[in-house]
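# Close look at the chain arrangement
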Amino acid sequence: FDPHAWQSLSNSIIYVDNITSALAQISPTNAEFFLKNRRDYISDIKRLDEWTREMVSGLPENRRTVVTSHDAFQYFDREYGLKFLAPQGLSTESEASAQDVANLIKQMRSEGISAVFIENISDPRLIEQIANETGATIGGVLYPGALSGSEGPASTYLKMIRHNVIMLTEALGSKD
């Protein structure tokens, strides 16, 4: 079970619909206010989804593999056509085995994967070690779910997705 369903903007619309419905049931006198906010927010989500698809579609097919700390981006992977690899499983509390790390390094070398990404919620040392072993660059920090502070680049859900897309497309789109 992958709990990171919010990595798909399509899924976020389902969340917004469910939250709006619950709020309208709890406070029927404010239902129209909730529905207006829902419409506005879903419009923002759809614009971000279109922009994300455009940004990812500009990446060369052979530069769409992403290496991160843990396996938190499967929904993003399926939605936008990137391939995510991670030495850890779905939980940041799981430990990557030496064999898993060795296999990942071998795969990165054979596929020419040249960028890795640190996650804001994970210890960066393993990704730094993988970068050192493969010569890959660290493409930036991704936010798999925990937001940044209010002054950071991922202070809201939509800013988080936008930031991640920028980090990914800048690092993967650049030629070595």
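Residues numbered from 1 in each chain as written. Predicted model: local features only at pLDDT ≥ 70, side-chain atom pairs only at ≥ 80, totals over all residues. Heavy atoms only, no water.

### A short note on the pairing of strand E4 (residues 137-142)
Across 4 bridges, strand E3 (residues 115-119) lies against E4 in parallel orientation. If you follow isoleucine 118 over to E4, its bridge partner there is valine 141. With helix H5 (residues 125-134) bridging E3 and its parallel neighbour E4, the resulting β-α-β unit is right-handed. (Pairing = 2+ DSSP bridges. Helix = DSSP H or I, 4+ residues; strand = E, 2+ residues; numbered from the N terminus. Right-handed = clockwise from strand over helix to strand, strands pointing away.)

### Examining helix H1 (residues 9-26)
Between the first and last C-alpha of H1 there are 26 Å, a value that for 18 residues agrees with the 26 Å anticipated at 1.5 Å per step. Those residues of H1 that sit buried are Leu9, Asn11, Ser12, Ile13, Val16, Thr20 and Ala24. Buried residues belonging to H1 abut helix H2 (31-57), helix H3 (74-80) and helix H6 (157-173). (Expected span 1.5 Å × (residues − 1). Buried < 20%, exposed > 50% of the residue type's maximum accessible area, 1.4 Å probe, protein only. Contact = heavy atoms within 4.5 Å.)

### Digging into the packing of aromatic side chains
In this structure the tally under the stated criterion is 4 aromatic pairs. Where phenylalanine 76 meets tyrosine 80, the ring centres are 4.8 Å apart and the plane angle is 50°; that geometry is what we call tilted. Linking phenylalanine 76 with tyrosine 80, this pair stays in helix H3, spanning 4 residues, or about one helical turn. Both residues of the pair, phenylalanine 76 and tyrosine 80, belong to the buried class. For the cation-ring pair, arginine 78 lies above tyrosine 75, with the distance from its terminal atom to the ring centre recorded as 4.7 Å. We note arginine 162 situated over the ring of tryptophan 51; from NZ or CZ to the ring centre the distance is 4.1 Å. (Phe/Tyr/Trp six-rings, centres within 6.5 Å; stacked < 30°, edge-to-face > 60°. Lys NZ or Arg CZ within 6 Å of the ring centre and 35° of its normal.)

### Examining a nonpolar patch on the surface
A contiguous nonpolar surface patch, about 270 Å² in accessible area, is contributed by Tyr15, Ile19 and Leu23. With respect to the element layout, leucine 23 can be found in helix H1. Overall, the relative accessible area of 37% leaves leucine 23 in the partly exposed class. (Patch = residues over 30% accessible without salt bridge, like charges linked within 9 Å, V, L, I, M, F, W, Y side chains within 5 Å. Areas by Shrake-Rupley, 256 points an atom, 1.4 Å probe, with all protein chains shown as cover. Salt bridge = Lys/Arg side-chain N within 4 Å of Asp/Glu carboxyl O.)

By themselves, these figures tell us nothing about what the structure is for.
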